Amino acid sequence: MTQADNWTIRDFSPADAPAFAALNRRWIDEMFGAEEEDLRILGHPQQEIIDKGGHIAVADQNGWVIGTGAIIPPHHDPQDGQKWLEIVKMATDPSAQGRGIGAAVLNRLVDYARDEHAQALWLETNSKLEAATALYKKTGFRMLEPDECWPTPYDRCNLQMVMKL
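Below you will find a few notes about this structure. (Residues numbered from 1 in each chain as written. Predicted model: local features only at pLDDT ≥ 70, side-chain atom pairs only at ≥ 80, totals over all residues. Heavy atoms only, no water.)

## A word on the pattern of salt bridges
Cut-off, in case you're wondering: The rule for a salt bridge is simple: a side-chain nitrogen of Lys or Arg has to be within 4 Å of a carboxyl oxygen of Asp or Glu. Helix numbering and strand numbering both begin at the N terminus, where a helix is a DSSP run of H or I of at least 4 residues and a strand a DSSP run of E of at least 2. Residue exposure (1.4 Å probe, protein chains only): buried if accessible area is under 20% of the type maximum, exposed if over 50%, otherwise partly exposed.
Across all of its chains, the model carries 12 salt bridges by this definition. One salt bridge connects Asp60 with Arg10, and the closest N-O pair in it is separated by 3.0 Å. Separated by 50 residues along the polypeptide, Asp60 in strand 3 (residues 55-61) and Arg10 in strand 2 (residues 7-11) bring together distant segments of the chain. What makes Asp60 buried here is its relative accessible area of 13%. Exposure remark for Arg10: the relative accessible area of 21% places this residue in the partly exposed category. Linking Glu30 and Arg26 is a salt bridge whose minimum nitrogen-to-oxygen distance equals 3.6 Å. Placement of both Glu30 and Arg26 in helix 1 (residues 17-31) is noted, with a separation of 4 residues, approximately one turn of the helix. Classification of Glu30 by relative accessible area gives exposed; the value is 60%. Classification of Arg26 by relative accessible area gives partly exposed; the value is 29%. Salt bridges sharing partners connect three or more residues here, namely Glu35, Asp38, Lys89 and Arg156.

See the structure below:
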């Protein structure tokens, strides 16, 4: 468990499912509109993330979920002999932004990937999400060139990033 300020990073529990969905739906609906893949994952995080070998990290402030992020086996296997995992569904409550919560959640997910012996991480984002993109770069992700990009189930994703572990 990681603690800072008056919040803690902990593992997801089934009771967190509504907050996980709400935090992510807020920014997705506000900026882009939810897509089929969003609805599937956010509607069933236990089955679509945890049961498939993934992990969800939760930032908790006195029982209130203020941030979240997940890591899953990637929806595209590059078949390059490396174990890849994909970062998905990163969100922080607007009232809690600017306190290092997103970085703490992301670091927990990177630690999980290392514990699972992953060799590389991959994520998709959008250039409109400048704070998120800056966080990913600061953490060690690099942007893929257009000819390196993988297929994506999301219309909104116009940036893909990777990090070797």
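## Re the nonpolar core
How we decide: To form a nonpolar core, buried Ala, Val, Leu, Ile, Met, Phe, Trp, Tyr and Cys residues must be joined to one another through side-chain atoms within 4.5 Å. We call two residues contacting when some pair of their heavy atoms lies within 4.5 Å.
Counting residues in hydrophobic clusters, the biggest one holds 26 residues, and the most contacted among them are Ile71, Ile87, Val105, Leu121 and Phe141. Counting residues per element, the ones that place at least two in this core are strand 2, strand 3, strand 4 (64-72), strand 5 (84-92), helix 4 (101-115), strand 6 (120-125), helix 5 (130-139) and strand 8 (159-164). At 8 residues, helix 4 tops the list of elements feeding residues into this core. Not counting chain neighbours up to four residues away, the residues in contact with Leu121 comprise Ile71, Trp84, Leu85, Ile87, Val110, Ala113, Phe141, Met161, Val162, Met163 and Leu165. Counting residues in each nonpolar core, the second largest holds 19 residues, with Leu23, Ile28, Ile49 and Tyr154 among its members.

## Some words on the packing of helix 4 against helix 5
The relative placement of two packed helices is expressed as an angle between their axes plus a distance between the axes. For clarity, the threshold we go by: A fitted line through C-alpha atoms serves as each axis, taken over the contacting stretch for helices, and the angle formed by two N-to-C directions is quoted from 0 to 180°. Geometric relationships in this document are graded by angle, where less than 35 degrees denotes roughly parallel, more than 145 denotes roughly antiparallel, 65 to 115 denotes roughly perpendicular, and other angles denote oblique. In this scheme, a crossing is called left-handed if the near helix is turned counterclockwise away from the far one by less than a right angle; it is called right-handed if the turn is clockwise. Residues are grouped as follows: nonpolar covers Ala, Val, Leu, Ile, Met, Phe, Trp, Tyr, Cys and Pro; charged covers Asp, Glu, Lys and Arg; every other residue, Gly included, is treated as polar.
Running from amino to carboxyl end, helix 4 crosses helix 5 at an angle of 45°, the nearest separation of the two axes being 11 Å. As judged from the angle between their axes, helix 4 and helix 5 are oblique. As for the relative orientation of helix 4 and helix 5, their crossing is right-handed in sense. Along its contact with helix 4, which presents Gly102, Ala103, Leu106, Asn107 and Val110, the element helix 5 presents Leu135, Tyr136 and Thr139. Tallied by class, residues from the contact of helix 4 with helix 5 come to 5 nonpolar, 3 polar and no charged.

## Notes on the side chain of Asp38
The test is simple: N or O atoms within 3.5 Å of each other form a polar contact, as long as, within protein, one can give a hydrogen and the other can take it, and as long as residues adjacent in sequence are counted only when both atoms are side-chain atoms.
Its location among the elements puts Asp38 in helix 2 (residues 36-43). For Asp38, a relative accessible area of 0% corresponds to the buried category. Of the polar contacts made by the side chain of Asp38, one reaches the backbone nitrogen of Glu35; its length is 2.8 Å. Looking at Asp38, its side chain comes within polar contact range of the side chain of Arg156, at 2.7 Å. Not counting residues up to four positions away in its chain, the partners in contact with Asp38 are Ile28, Gly33, Gly43, Lys89, Tyr154 and Arg156.

## Quick look at unusual backbone geometry
The phi angle at Lys89 is positive, at roughly 55°, despite the residue not being glycine. Among the structural elements, Lys89 can be located in strand 5. You will see that His117, though not glycine, has its phi angle at about 65°, which is positive. Looking at the secondary structure, you find His117 in the loop between helix 4 and strand 6. Taking relative accessible area as the criterion, His117 reaches 64% and is therefore assigned exposed.

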